Amino acid sequence: ELKVEQNPLFLSMQEGKNYTIYCNYSTTSDRLYWYRQDPGKSLESLFVLLSNGAVKQEGRLMASLDTKARLSTLHITAAVHDLSATYFCAVIANSNSGYALNFGKGTSLLVTP
Amino acid sequence: DVKVTQSSRYLVKRTGEKVFLECVQDMDHENMFWYRQDPGLGLRLIYFSYDVKMKEKGDIPEGYSVSREKKERFSLILESASTNQTSMYLCASSLWEGHPLSDEQYFGPGTRLTVT
């Protein structure tokens, strides 16, 4: 059974600070997704990481993938309030779930003044 | 842009009622999925479908069924709603199996279902 673990699950950080969210997964996969969810809203795709060593950046967020370590990171640089949301990583499962994604439990990020 | 729509944003039903949640996508995607999202549990897959009239059980199919009569529409059915099915339900779609980005999923806005 594929397990996807994110940490931390809750993160409160001050504006202007840097921090990293970690996503570990338990089985071989070379594709990983990061999603953002605002309160009461649906999931919005942030990054698609398709190979080992992939790095993607969008504004103050940067995601990377190390398939050998089965680890992805989402790095936040100089956080601003607008980044407050829940962030999910997701990995494809090679199982009877076919092409369904397995999601981590999410990291709730609160950026405070 | 891909658009995935769900029939209701909020729904309140009584225990024992039959409940239909509808999802429609407009991008000709082959794959469609139903998840439920609960605090502390993340997203869990209920059912998915990779073609018309095809369906596969996900991780938590008990108490649910699905219907895919047309490619663009995927319905989730609660045969006899129970209070433990109170949750946020999210529909998603993705491209055909074998496409390089087949596993990138596009989500609908969600339906918050309350069963009393």
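Structure first, text after, so check above.
Please read these numbers as outputs of a predicted model, since none were measured by experiment. Here, residues in each chain are numbered from 1, in the same order as that chain's written sequence. Both sets of labels track the order of writing: A upward for chains, 1 upward for ligands. This being a predicted model, a pLDDT of at least 70 is required before a residue's local features are given, and a value of 80 or more before pairs of side-chain atoms are given or counted; all residues contribute to the totals for chains, interfaces and linings. Side-chain calculation: all heavy atoms of the structure are included, whereas hydrogens and water are not.

Q: Tell me about the pattern of salt bridges, and please be specific about residues and values.
A: All names here are of chain B. Think of a salt bridge as a Lys or Arg side-chain nitrogen and an Asp or Glu carboxyl oxygen that are within 4 Å of each other. The final tally for this structure, using the stated rule, is eight salt bridges over all chains. With its nearest N and O atoms 3.0 Å apart, the salt bridge here joins E30 to K71. Of this pair, E30 sits in the loop between β3 (19–25) and β4 (31–38) while K71 sits in the loop between β7 (64–70) and β8 (73–78), placing them 41 residues apart in sequence. Judged by its relative accessible area of 23%, K71 is partly exposed. Taking the shortest distance from any N to any O, the salt bridge between R36 and D38 comes out at 2.8 Å. Type-normalised accessible area, obtained with a 1.4 Å probe on protein chains alone, sets the label of each residue: buried when under 20%, exposed when over 50%, and partly exposed for intermediate values. R36 gets classed as buried once you look at its relative accessible area, which sits at 8%. Taking the relative accessible area as the measure of exposure, D38 reaches 11% and is therefore buried. Strands here mean DSSP runs of E at least two residues long; helices mean DSSP runs of H or I at least four residues long; both are numbered from the N terminus.

Q: Give a detailed account of the layout of surface pockets, specifying residues and quantitative values.
A: When its volume is computed, the second largest pocket comes out at roughly 490 Å³. Breaking the lining of the second largest pocket down by element, the ones donating at least two residues are β9 (85–92) of chain A together with β4 and β9 (87–94) of chain B. The element best represented in the lining of the second largest pocket is β9(A), accounting for three residues. For this scheme, ten residues count as nonpolar: Ala, Val, Leu, Ile, Met, Phe, Trp, Tyr, Cys and Pro. Four count as charged, namely Asp, Glu, Lys and Arg, and the remainder, Gly too, count as polar. A per-class count over the lining of the second largest pocket returns eight nonpolar, eleven polar and five charged. Cavity and pocket criteria rest on a 1 Å grid covering protein atoms alone: a 1.4 Å probe that fits but cannot get out defines a cavity, protein on both sides within 12 Å along at least 5 of 7 lines defines an open pocket, and an atom within 4 Å of a point defines a lining residue. Grid points are joined across faces, edges and corners, and a volume is the space filled by probe spheres set on the points.

Q: Give me the lowdown on the packing of aromatic side chains, citing residues and values where you can.
A: Working definition: rings of Phe, Tyr and Trp (its six-membered ring) pair if their centres are within 6.5 Å, and the pair is stacked with planes under 30 degrees apart, edge-to-face with planes over 60 apart, and tilted otherwise. Scanning all chains against the criterion turns up nine aromatic pairs over all chains. Ring centres of Y35(A) and F103(A) lie 5.7 Å apart, and the angle between their planes is 45°; on these two criteria the pair is classed as tilted. In this pair, Y35(A) sits in strand β4 (residues 32–37) while F103(A) sits in strand β10 (residues 101–103), placing the two residues 68 residues apart along the sequence. Looking at F103(A), the relative accessible area reads 10%, which means it is buried. Through pairs of rings, three or more aromatic residues link up here, namely Y35(A), F88(A), F103(A), F33(B), Y35(B), F48(B) and F107(B).

Q: Account for unusual backbone geometry, naming residues and giving values.
A: The omega torsion of the bond from N7(A) to P8(A) falls at 0°, within 30 degrees of zero and hence cis. Within the secondary structure, P8(A) sits in the loop between β1 (4–7) and β2 (10–14). Look at A78(A): it is not a glycine, yet its phi comes out positive at around 50°. Its place among the elements puts A78(A) in the loop between β8 (71–76) and β9. The backbone of K53(B) sits at a positive phi, close to 65°, despite the residue not being glycine. You can see K53(B) is positioned in the loop between β5 (42–49) and β6 (56–57). Since its relative accessible area comes to 57%, K53(B) is described here as exposed.

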